[in-house]
Amino acid sequence: MSKPDSTKRQPVTGTGRFISGVVEGFYGRPWTMEQRTELFKREQKWGLNTYLYAPKDDYKHRMYWRDLYAAEEAEQLTSLISAAKQHDVEFVYAISPGLDITFSNPKEVAALKRKLDQVKEFGCRSFSLLFDDIETEMCPADKQAFSSFAHAQVAITNEVYMHLGEPEVFLFCPTDYCAVFCTPSVTQSSYLNTVGEKLLPGIDVLWTGPKVVSHKISVESIEEVSSVLKRAPVIWDNIHANDYDPQRLFLGPYKDRPTDLIPKLKGVLTNPNCEFYPNFVAVHTLATWCKAPAEGTPRDVEMGDEEQDPCYSPQKALNLALTDWLEEFMSTDQPGGPCHPRLKKESSEEEPMQTDMGESPYIPGPGENPLYTAEPLTLDDLKLLSDLFYLPYEHGTTARTMLQELDWLKNQSQAAAAETDKTAEWCSRAQQFDNMCEAVVQMFNRLSNAPNRSILYDLYNYICDIKSGVGLARAYVKTLGGHSQPSAQLLNDDPEPWGFRGGLSGEFQRMLPGHGNRDLFRHPPMTAVYCIRPYCPEDKPEVERIFREMQKAGEGNSALMAQSPLISDSLSAGEISPSPLCGLILEDDLGLCGYALALTDAKPAAAKIQRAVSGSVFEEFPSVIALEMLPRVTDPSPAKRMIGQLLSSIRSSGSRGAFCELRQSNRRMLDFYSKLGSFKLVQMDRLPQDILVMATSL
């Protein structure tokens, strides 16, 4: 693909090639030097050009960033940088000093420069400063020297960049590296605006999209953050990252990023699975995406692709990657890849080499068991593997079908127990489900016998786990159909440990409210996707409806007038509008389901209900909050999110504190505020008996 015109791609940042490649930025065991060298070969072959060295568990990258590399370590890094150059891959060395650096201390800045000077001597010419996943509170010394955390980071980044001679590639990772971290929004984030205004124009900024692991990244969202940063960002893409869950692996294609993004970005780096060899698909499909013409002749794209991208088909990109991966599976070039003499060969008549020429090969006699012959791995096996371990927000087609069929078979099980008009359909679909389960078992067997053991060992725990889960589901369906006795693993009070999801983490999760709400296969009308957006005047009728509905639910059989009014009632009822930037709306698939509103000055609302409040209380907590959610919102996370954003806006207005009034009968909200930890009960004179006040200082 001819590169898009650089002036179109980077209207703010200027010239420079499109950065594309891999960031080794996950938590966990870093890749080996040999694996990194293998990655460089793949990048060169597939047309990618960059590798960002940022393994979180390399002590001297993050925890002990001040320490210089020892002679042996220096030799390894020098060799690695040289290997990257040999394969036309730009090696970007990243350092992450944010855990404990004192920005205002010249000795700290000198230590950082000394460390990067050492790496520069190794032959490295590109660098990155990372300030992700750190505490945002500055130490007292830095508070005296800098007006904000952003100013401190930008000052040291600019100084290091100048010290290194303004490298052509120099990347900065902000602490607020995705939209969800920006308070109150991307465009209004003081942190991000400071970065955009003060960071030198030759420094590029890393960005993960709307979230840490972004489901989709739109052109509009990139245009928004580019306008704030005053430069096109480099995407640090976590779509294939799995370091947050040891039971997940992602073998689906690079998708849900339109190729229209390419001219809007400075680059894309994928931060993939912790396991090196399964990343074949993630890196291969990213390379295909990067080659897709952002402008020009559309490619042959299947109409079934959800994205309807005229230049890129995720499914075709996946098929290309899996076809190439199959060749690697069947190779024995990697260390530890034994050759199986009885692996069936479909296109070769060559006899296997005999290692012991003193004995004739064993030939089973009549009535004896035949020799085991390993079936060769197929492309369909890898397609099934990818479907079972697809992407964070999406199962593959086969996985979705299996879940849907199991759900139907379970819900229609009466058709198997007694003859009905659905009995034949149930039996047919049960057999189809069994065939799909058998395909998983056969895929497991063929993967287990693949010559390239290095790939297998990275996959083994995952394929064992899915084989076990599918086996239990298969036995359960057979039991429903009366084809076998109930499985001991399903019904026994003392099953074997592989018959249930074990571990302390699993038990914690099962005890929490809303466990399962994030499952990709959900039973309607359960919903787990929430949207938080700013309040607008058009929301007034719906907010009032929720307020009246919850008010009525709280009163029980008593008369409405029996309830004492709350100071925040006029806010919820729409009689008083919330203060600027102090209104948030919660929506789910069914519509508006909650709100969080605030008045930075509560006195007018108190006067409206003739509530006498001492001046000292209003002096300490001048702002009032109104928060409400419908009962169908069982997950407390959206409410916590709204409260956090609301308090930030109230603090920005200059308020010292905020309070909320709650009826003693409203146990749900009392429990919510109590568990937040920051809100405490406050005593107020002449308060109605049925009302409590909780407040927090800002």
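Residues numbered from 1 in each chain as written. Predicted model: local features only at pLDDT ≥ 70, side-chain atom pairs only at ≥ 80, totals over all residues. Heavy atoms only, no water.

## Side note on the pairing of strand 5 (residues 170–173)
Every other side chain in a regular strand lies on the same face of the sheet, so the side chains alternate between the two faces. What counts is decided by this rule: Here the term buried applies to any residue with accessible area under 20% of the maximum for its type, exposed to any over 50%, and partly exposed to those in between, with areas from a 1.4 Å probe on protein chains only. Think of it this way: any DSSP run of H or I at least four residues long counts as a helix, any run of E at least two long counts as a strand, and we number them from the N terminus. We call two strands paired when DSSP finds no fewer than two bridges between them. By convention a crossover is right-handed if, when the strands point away from the viewer, the path from the first strand over the helix to the second runs clockwise.
Residues Phe170 and Phe172 point to one face of strand 5 and Leu171 and Cys173 to the other, with burial holding for every one of them. Relative to strand 5, strand 4 (residues 126–130) runs parallel, the two being bridged by 4 bridges. Bridge pairing in strand 5 places Phe127 opposite Phe170. Inspection of the sheet shows strand 5 paired to strand 6 (residues 204–207) by 2 bridges, in the parallel sense. Following the sheet pairing, Phe172 is matched in strand 6 by Val205. With helix 7 (residues 190–198) bridging strand 5 and the parallel strand 6, this β-α-β connection has right-handed handedness.

## Thoughts on helix 22 (residues 637–652)
What counts here: The length a helix should cover is 1.5 Å for every residue beyond the first.
Counted at 1.5 Å a residue, the expected span for helix 22 with its 16 residues is 22 Å, and the 23 Å between its end C-alpha atoms agrees. Here helix 22 has its buried residues at Pro638, Ala639, Met642, Ile643, Gln645, Leu646, Leu647, Ser648, Ser649 and Ile650. Positive phi appears at Gly654, one or two residues downstream of helix 22, with a value of about 100°.

## A short note on the pattern of salt bridges
Which entries qualify depends on this criterion: When a carboxyl oxygen of Asp or Glu is within 4 Å of a side-chain nitrogen of Lys or Arg, the pair counts as a salt bridge.
Within this structure, the stated rule accounts for 33 salt bridges. As a salt-bridge pair, Arg66 and Asp100 come within 3.1 Å of each other at their nearest N and O atoms. Of this pair, Arg66 sits in the loop between strand 2 (50–53) and helix 3 (71–86) while Asp100 sits in the loop between strand 3 (90–95) and helix 4 (106–121), placing them 34 residues apart in sequence. A salt bridge links Asp256 to Lys255; the nearest nitrogen and oxygen atoms lie 3.4 Å apart. Of the two residues, Asp256 and Lys255, both sit in the buried class.

## Re the sheet that holds strand 9 (residues 531–534)
The strand order across the open sheet formed by 7 strands is 9-10-11-12-13-15-14, and the pairing between neighbours is mixed. Two strands lie at the open edges of the sheet, namely strand 9 and strand 14 (680–681), each paired on one side alone. Judged from the 4 bridges that link them, strand 9 and strand 10 (residues 583–588) form a sheet pairing that is antiparallel. Among the inter-strand pairings, Cys531 is bridged to a residue of strand 10, identified as Glu587.

## Notes on the confidence of the model for the chain
To be explicit about the condition: pLDDT runs from 0 to 100 and stands for how confident the predictor is about each residue. Here a residue-residue contact requires only that any non-hydrogen atoms of the pair lie within 4.5 Å.
For the chain, mean pLDDT is 85; residues scoring 70 or higher make up 84% of the total. Within the model, the stretch residues 299–306 combines pLDDT values under 50 with 20 contacts to residues more than four positions away or in other chains.

## Examining the packing of aromatic side chains
Heads up, the rule is: A pair of aromatic rings is counted whenever rings of Phe, Tyr or Trp (Trp by its six-membered ring) have centres within 6.5 Å, and the orientation is called stacked for planes under 30 degrees apart, edge-to-face for over 60 and tilted otherwise. We count a charge as sitting over a ring when the NZ of a lysine or the CZ of an arginine lies within 6 Å of the ring centre and within 35 degrees of the ring normal.
Applying the stated criterion across every chain yields a total of 25 aromatic pairs. Aromatic pair Phe276 and Tyr277: ring centres 5.0 Å apart, planes at 85°, arrangement edge-to-face. For the pair shown, Phe276 and Tyr277 are each scored as buried. Members of the aromatic cluster, connected to one another through ring pairs, are Phe40, Tyr51, Tyr53, Tyr69, Phe91, Tyr93 and Phe122. Taking NZ or CZ as reference, Arg257 lies 5.7 Å from the ring centre of Tyr254, over its face. Here the basic side chain of Arg429 rests over the ring of Trp408, its NZ or CZ set 3.9 Å away from the ring centre.

## Topic: helix 8 (residues 219–229)
Turning to helix 8, its buried residues number three or more, namely Val219, Ser221, Ile222, Val225, Ser226, Val228 and Leu229. Following helix 8 by one or two positions, Lys230 adopts a phi angle in the positive range, close to 60°.

## Points about the nonpolar core
Our working rule: Nonpolar cores were defined as sets of buried Ala, Val, Leu, Ile, Met, Phe, Trp, Tyr and Cys residues, with membership established by side-chain atoms within 4.5 Å. In this document the domain limits rely on a domain assignment from an automatic tool or a database.
Membership of the largest hydrophobic core comes to 121 residues, with the highest contact counts inside it found for Phe91, Tyr93, Trp325, Leu385 and Leu459. Taken domain by domain, this core gets at least three of its residues from each of domain 1 (19–293 + 315–324) and domain 2 (379–511). Leave out the neighbours within four places in its chain, and Leu385 touches Leu251, Trp325, Met443, Leu447, Leu459 and Ile463. Core analysis: the second largest hydrophobic core is formed by 54 residues, Phe547, Ile576, Phe618 and Ala639 among them.

## Considering the environment of Ile262
Following the sequence through the fold, Ile262 ends up in the loop between strand 7 (234–237) and strand 8 (267–270). Judged by relative accessible area, Ile262 falls into the buried class, the value being 1%. Separated by 244 residues in sequence, Ile262 and Phe18 place their C-alpha atoms 8.5 Å apart.

## Quick notes on a nonpolar patch on the surface
Note the threshold: Residues with no salt bridge and a relative accessible area higher than 30% make up the patches, which join like charges within 9 Å and nonpolar side chains (Val, Leu, Ile, Met, Phe, Trp, Tyr) within 5 Å. For the accessible areas, the method is Shrake-Rupley and the probe is 1.4 Å, while residue cover comes only from the protein chains on display.
Taken together, the side chains of Tyr59, Met63, Tyr64 and Leu99 present a nonpolar region at the surface, about 430 Å² in accessible area. Of note, Tyr64 is situated in the loop between strand 2 and helix 3.

## A few points about the environment of Gln610
By the element assignment, Gln610 lies in the loop between helix 20 (603–608) and helix 21 (615–620). A C-alpha to C-alpha distance of 9.9 Å links Gln610 and Pro565, two positions 45 residues apart in sequence.

## Some words on the sheet that holds strand 2
Just so we agree on the cut-off: Here an angle of 0 to 180 degrees is reported between the N-to-C directions of two axes, which are lines fitted to C-alpha atoms, with helices fitted over the stretch in contact.
The strand order 1-2-3-4-5-6-7-8 describes a closed barrel built from 8 strands, whose pairing is parallel. Direction aside, neighbouring strands of the sheet carry axes that sit 25° apart on average. The pairing of strand 1 (residues 19–24) with strand 8 spans 4 bridges and is parallel. Across the sheet, Ile19 pairs through a bridge with Gly267, a residue of strand 8.

## A word on unusual backbone geometry
Cis geometry is adopted by the peptide bond preceding Pro184, which originates at Thr183 and carries an omega value of -5°. Here Pro184 shows up in the loop between strand 5 and helix 7. The phi dihedral of Lys230 falls on the positive side, at around 60°, and the residue is not glycine. Here Lys230 shows up in the loop between helix 8 and strand 7.

## Focus on the side chain of Asn271
To keep things clear, this is the line we draw: For this analysis, a polar contact is any N or O atom pair within 3.5 Å, provided that within protein one partner can donate a hydrogen and the other can accept it, and provided that sequence-adjacent residues contribute only side-chain to side-chain pairs.
Position of Asn271 among the secondary structure elements: in the loop between strand 8 and helix 9 (280–291). For Asn271, a relative accessible area of 2% puts it in the buried group. In terms of polar contacts, Asn271 uses its side chain to reach the backbone amide nitrogen of Phe26, at 3.4 Å. Apart from residues lying up to four places away in sequence, Asn271 is in contact with Val23, Glu24, Gly25, Phe26, Trp236, Asp237, Asn238, His240 and Ala241.

## Concerning the side chain of Ser126
Along the chain, Ser126 falls in strand 4. Residue Ser126 is classed as buried on the basis of its relative accessible area, which comes to 2%. Of note is the side chain of Ser126, whose polar atom sits 2.6 Å from the side chain of Glu90. If near-sequence neighbours (up to four positions away) are discounted, Ser126 is found in contact with Glu90, Phe91, Val92, Tyr93 and Val169.

## Some details on the packing of helix 9 against helix 10 (residues 314–329)
Just so we agree on the cut-off: We call two directions roughly parallel when the angle between them is under 35 degrees, roughly antiparallel when it is over 145, roughly perpendicular when it lies between 65 and 115, and oblique otherwise. Crossings are assigned a handedness: left-handed for a near helix turned anticlockwise from the far helix by less than a right angle, right-handed for a clockwise turn. Under the scheme applied here, ten amino acids are nonpolar (Ala, Val, Leu, Ile, Met, Phe, Trp, Tyr, Cys and Pro), four are charged (Asp, Glu, Lys and Arg), and all others, including Gly, are polar.
Running from N to C, helix 9 and helix 10 cross one another at 135°; their axes reach a closest spacing of 9 Å. Taken together, helix 9 and helix 10 sit at an angle that is classed as oblique. In the packing of helix 9 onto helix 10, the handedness of the crossing is right-handed. On helix 10, the residues touching Phe280, Val281, His284, Thr285 and Thr288 of helix 9 are Ala317, Leu318, Leu320, Ala321, Leu322, Asp324, Trp325 and Glu328. Of the residues that constitute the contact of helix 9 with helix 10, the class distribution is 8 nonpolar, 3 polar and 2 charged.

## With respect to the pairing of strand 4
Burial analysis of strand 4 places 5 of its 5 residues in the buried class, the great majority of the element. Bridge count for strand 3 against strand 4 is 4 bridges, and the pairing is parallel. Residue Ile95 lies in a different strand from strand 4, and its bridge partner there is Leu129. Crossover handedness for the path strand 3 to helix 4 to strand 4: right-handed.

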